[in-house]
Amino acid sequence: MNHLTRRDFLGAAAGYLAGLSAAGPLLAGLRILPDIDNPLDFYPSRDWEKIYRDQFHHDSTFHFLCAPNDTHNCLLTACVKNGVVTRLGPSYGYG
């Protein structure tokens, strides 16, 4: 069984890397890509932004009181989208 020693491996790796550096920059093949200062100006379709912004948009809200075991009362806001409660949160400005 023939084993590769650490010394042989490092020598082969150094020779390989020296051959790459002699051939030119390692990422020279990526020069076909245009230089883009602002990718958002270049990006062809920005429809994803509407989906991203509408993700938390709600159709309506309502306030309700949560009183577990009559120990305390919490006034909460429920956000409704397509007839389904999607989020619950505190009611601000209602004491």
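Per chain, residues are indexed from 1 in the order of the written sequence. Only residues with pLDDT of 70 or above have their local features reported here, since the model is predicted, and side-chain atom pairs are shown and tallied only from 80 upward, although totals for entire chains, interfaces and linings are computed over all residues. Water and hydrogen atoms play no part in the side-chain values, which are based on all heavy atoms of the structure.

Caption draft 1: Inspection of the overall build of the protein chain at higher detail. Helix and strand counts for the protein chain come out as three helices and three strands. Here the protein chain holds 95 residues, and 7% of them are scored as buried. Every residue pair with non-hydrogen atoms within 4.5 Å of one another is taken to be in contact. Within the protein chain, contacts between residues separated by at least 24 positions form 13% of all contacts whose residues are at least 6 apart in sequence. In this description a helix means any DSSP run of H or I spanning at least four residues, a strand means any run of E spanning at least two, and both kinds are numbered starting from the N terminus. Accessibility here uses a 1.4 Å probe with only protein chains present; expressed as a share of the type maximum, an area under 20% marks a residue as buried, one over 50% as exposed, and anything in between as partly exposed.

Caption draft 2: Representation of the sheet that holds strand E2 (residues 74–81). Read from one edge to the other, the open sheet built from three strands follows the order E1-E2-E3, with strand pairing classed as antiparallel. Strands at the two margins of the open sheet, each flanked by one partner only, are strand E1 (60–66) and strand E3 (84–90). Between one strand axis and the next, the sheet turns through 30° on average, direction left out of account. Two strands pair if DSSP finds at least two bridges between them. Under this scheme, a helix contributes an axis fitted over its contacting stretch, all axes are lines through C-alpha atoms, and angles between N-to-C directions fall in the 0 to 180 degree range.

Caption draft 3: Summary view of the confidence of the model for the protein chain. The score called pLDDT rates the predictor's confidence residue by residue, from a low of 0 to a high of 100. On average, residues of the protein chain score 79 in pLDDT, and 79% of them are at 70 or above. Mean pLDDT in the protein chain bottoms out at helix H2 (residues 39–42), which sits at 73, and peaks at E2, which reaches 92.

Caption draft 4: Representation of the environment of Val85 in the model. In this structure, Val85 sits in strand E3. Owing to a relative accessible area of 44%, Val85 belongs among the partly exposed residues under this scheme. Separated by 23 residues in sequence, Val85 and Phe62 have C-alpha atoms that sit 9.8 Å apart. Setting aside residues no more than four positions away along its own chain, Val85 makes contact with Phe62, Ala78, Cys79 and Val80.

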